[in-house]
Amino acid sequence: MRKIQVLGIVVFLIGLIAFSLIPFIGYYQLEESTVRANVKDIHEEQLVSVLSPMYGQRYSSNFRFIADFNDHFNSYNDALKENQEWDNVIWDDYGFVLTKAASMGPVTEHPYLFLLLSIALAVAGGLLYILPMHRKEPNGIKHDGIYFSSMKSRGLIGIITGTYLILFYIVLYWFPEYLTNLVLMVDPLSMALSGNPASQWFLYGFIYTLAIVVMGIRMFRKYKGNAYQTIRTASVMFFQLAFAFLIPEILVLFNMPWHDFKNIWPLDYSFFFEYRIDGMVSSGALGMFMLVWGILLIVVGVPLFTYFYGKRWYCSWVCGCGGLAETLGDPYRQLSDKSLKAWKVERYLVHGVLVFAVVMTVMTIANYFTGFGLLGNATNQVHSIYGFMIGSMFAGVIGTGFYPLMGNRVWCRFGCPLAAYLGIVQRFKSRFRITTNGGQCISCGNCSTYCEMGIDVRWYAQRGQNIVRASCVGCGVCSAVCPRGVLKLENGEETGRVNEFPIIIGNNTVTLKN
Amino acid sequence: MNNTVRKIVIIGNGISGVTCARHVRKRDSSSEILIISGESDHFFSRTALMYIYMGHMKYEHTKPYEDWFWEKNRIALIRGWVTGLDYAAKALTLASGEQMAYDTLILATGSTPNAFGWPGQELKGVQGLYSLQDLEQMEETTPRIQRAVVVGGGLIGIEMAEMFRSRDIPVTFLVRERNFWDAVLPTEEAKLINRHILEHHIDLRLETELKEILADETGSVLGVVTKAGEEIACQFVGLTVGVRPNIDFLKSNNEQLSKQGQSTLELNRGILVSGFFETNIADVYAIGDCAEFRESLAPDRKNIEQVWYTGRMHGETLAYNLTSSTPASYKPGVWFNSAKFLDIEYQTYGHVPPFPLEGSDSIYWEDPNGKVAIRLVYEKESTKLLGVNALGWRLRHAFFDTAIAEGWTMEAVLSNLHKANFNPEFFDSPTKAVIAAYSQKTGVAISRKKTSFFHRIIGSRS
């Protein structure tokens, strides 16, 4: 078993190295016909002439190609900007599409082979490592050696992993033209699903889904015998695979807007943006359903389900960000900061982002109905600031890149505006709580240590108080790791949910307020 | 008490001392509070020591309060060992030579591991597990250990065995009794745990006693010899045969005092206290593991209470008494305790003796998988519930506290048993099987109100 697992790691690393090297192989050659086929009509003539020095040239690397492309493209734009000919400046980003179209070589010719050598190999290696985990071991908590692991306790390997993830996100969001070979590799898959060539977002969605599925299987192994964890993990795997990955692609196949039915504003911050509304409104009955469904989720779904089940119904059962955190991020859950200071920062940040998202959306809607008179450009500015700072920087680079450094719920805890909204409902009007079992707590600290949201669970448990916190996503791990059966996630009567007086039992001398 | 601010000095920063300090501060903002500990700078959870060794947590995670907490609550902390106590002068001396006065002294010095004079018990590689220093020593010895022998079939013994198994170190576990912890657990429960120990590849030797520990030429452990004459090679011997009150320094201090003709602290196995935790000396109190009640609290309670929960209750009670004009005598409620044997959790409420008592009966149900079991002990005549043992099944403390205190009949307990289930959602609850077992034994049918579909959907237990 051990040998198979070592083999798994080796195979995974080969896949990962291949994945990291593939962007740099092949050559690039741009032709006039390629430019004509890939740019908007209004830019066609300008670009055909701007890029003409590149035609027929064979570039041996994407670095050279992109550098040359940027030179031509930027000097054209810069000249226009200098002369204040703003209307002629090309604001569209053609770097990615043209680099992708110009890419020649082995990946273009054999996409499946490279897919096999990289992602498929990494998945196979991951499974070889995961499937034999904890075989022949009784059910129980599998946390031995976590704090001796360099990967899981912010050691060198953890830091390297975090750095790799951060770099990957930076390239994905801001320099996708360097990833074109990887995108070409999944083109056939995208064609099969949606009838369209792949974008960097398809590649990302594909890897993201695979990560949730493979690491979800790891959860099944790690928490075998724990029904709550097993069912919950199966749920996030299903919602990611079906709702976030397959259904949106199939919608595109039927000429519908790409739509993730389980994504809810304000996490889905662009839901009320003009292009999204127009897309839905112009897509017939299904489009209208998307719009109504989306609004229903916001005004009815969130309060109602959160009242009955707490925010866990979304955050740790349905959400894609939560899904990745609960699977890929599970090995890092203990790295979240439990200090009171972190909690203070969290409250300002997460509610600040919520306010930002609400203000932005109100602006957008007001703008939409006033026919873009008043706030036209300002709204676009706000959209791009939010997109850059919150959507990309916070949710992506920090949210996932910092898994091995600050735990797996950095985004959910400090940044997600939907989590903030769900949290307000959960804190003030919900039947959900984590019940503390009388006086059985021994203050050991396993619950707090393994709380991915950085809640100091023990603080409440040791004073016999139920845990009612806005941030709790109901992952159930505190309850799983408790050695004395002190914690139970449950939905129940609202009376007695927040108990000021302790329910510590056993001392009949006096009842002291804790 | 003098007219200025009262100075309360607590020796020991474990659960009793710290609970007492916290509650005094809550009820009295003026007193000066000082906690002295030689073991650690800050309060940590002793019960979590094993998790540090197993890599589940680091030391810092075992501290229930952040380090700023103490200053914020004006609870002063001093690191040091107390070497001298002058009760007449109300002063104490630290090993560093520092001296200080107190108005109220609270002894909360905890326990120390037992060792019963085995030949070789002082060798390198022989130790108990109680303090942070014990853990550090265990960590230091670990690289040399090819096999560990753990002596004593109790709670710390099984923890130590689990700790070594987490590092893939082979363990031989010597248990004097016929089954694991059977001085406390009835035979069926003890046997269930026996099987679970073996499942974890721990070499469990029942009815095996230690005779002596063998040394190599450097004074380190080479092996042990059992009373049956078997020699087991090992590099570590864990002595986990219970703990006793940590009062040795008080004994030697008494000797000093009596030489000077001063009155001494009354000690027996522990520090003798009243129900108000008063020692024989005015303004000196003792709480937690180190205290021994002069008079029995109840037929089913021991005079020395050595668990986390009682330490906490002692601290609460004394804090109340020190800050109240109407002191109350310590009245513990329904007994409860818990532990975890490798992967199997154990909870107990009320009185479950290891063997049936006259006039009582019990029903024992065990899951066919051998990982879940429950025993309900009741009065034969009235069928009033007396106590419950649960293995692998989390039970609601409040439910059994009420049921036992109010003397519910078995019928009342069983027909409401689903409300006592504290297992996580989606886990099987063995309620039905237990009710069936009771009905089969007694012929009494138990009816249970069905939960409506709506209530099940919203996850309500009512």
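Residues numbered from 1 in each chain as written. Chains lettered and ligands numbered in written order. Predicted model: local features only at pLDDT ≥ 70, side-chain atom pairs only at ≥ 80, totals over all residues.

## A short note on the pairing of strand β1 (residues 7-11) of chain B
All names here are of chain B.
For step 1, the next point in the chain: In terms of residue burial, β1 counts as a mostly covered element, since 4 of its 5 residues are buried.
For step 2, the next point in the chain: Relative to strand β2 (residues 32-37), β1 runs parallel, the two sharing 5 bridges. When the bridges of β2 are listed, I11 appears paired with I36.
For step 3, the next point in the chain: Direction of pairing for β1 relative to strand β7 (residues 104-107): parallel, over a ladder of 4 bridges. Following the sheet pairing, V9 is matched in β7 by L105. (Buried ≥ 20, exposed ≤ 12 C-beta atoms within 10 Å, placed from the backbone. Helix = DSSP H or I, 4+ residues; strand = E, 2+ residues; numbered from the N terminus. Pairing = 2+ DSSP bridges.)

## Description of the confidence of the model for chain B
For step 1, the next point in the chain: Overall, the prediction assigns chain B a mean pLDDT of 95, with 99% of residues at 70 or greater.
For step 2, the next point in the chain: We note a pTM of 0.95 for the whole complex and an ipTM of 0.95 for its interfaces. (pLDDT = per-residue confidence, 0-100.)

## Looking at the packing of helix α11 (residues 200-222) of chain A against helix α16 (residues 320-327) of chain A
Residues and elements named next belong to chain A.
For step 1, the next point in the chain: Remark: α11 packs on α16, axes separated minimally by 8 Å, with the N-to-C direction vectors making an angle of 45 degrees. Here α11 lies oblique to α16, going by the angle between them. With respect to the hand of their crossing, α11 and α16 are arranged in left-handed fashion. Residue-level contacts link Y208, A211, I212, M215, G216 and M219 of α11 to G323, L324 and T327 of α16.
For step 2, the next point in the chain: For the contact of α11 with α16, the per-class residue count stands at 6 nonpolar, 3 polar and no charged. (Axes fitted to C-alpha atoms, helices over the stretch in contact; angles between N-to-C directions. Parallel < 35°, antiparallel > 145°, perpendicular 65-115°, else oblique. Left-handed = near helix turned anticlockwise from the far one by under 90°. Contact = placed C-beta atoms within 7 Å. Nonpolar A, V, L, I, M, F, W, Y, C, P; charged D, E, K, R; others polar.)

## Re the interface of chain A and chain B
For step 1, the next point in the chain: In this complex, chain A contributes 46 residues to the contact, which on the side of chain B involves 48 residues.
For step 2, the next point in the chain: Within the residue set of the side of chain A that touches chain B, elements represented by two or more residues are α12 (227-253), α22 (446-449) and β5 (487-491) of chain A.
For step 3, the next point in the chain: When residues of the side of chain A that touches chain B are assigned to their parent elements, the largest contribution, 4 residues, is made by β5 of chain A.
For step 4, the next point in the chain: The residue makeup of the side of chain A that touches chain B, split by class, is 17 nonpolar, 23 polar and 6 charged.

## Topic: the nonpolar core
For step 1, the next point in the chain: Formed by 237 residues in total, the largest nonpolar core has its most connected members in C478 of chain A together with I106, L107 and V237 of chain B.
For step 2, the next point in the chain: The dominant element in this core, judged by the number of residues it contributes, is α11 of chain A, at 11 residues.
For step 3, the next point in the chain: The contacts of I106 of chain B, once residues within four sequence positions are left out, are I8, I10, G17, C20, Y285, I287 and L318 of chain B.
For step 4, the next point in the chain: If you look at the next biggest cluster of nonpolar residues, it comprises 15 residues, including V39, L47, M54 and L98 of chain A. (Core = buried A, V, L, I, M, F, W, Y, C linked by C-beta atoms within 7 Å.)

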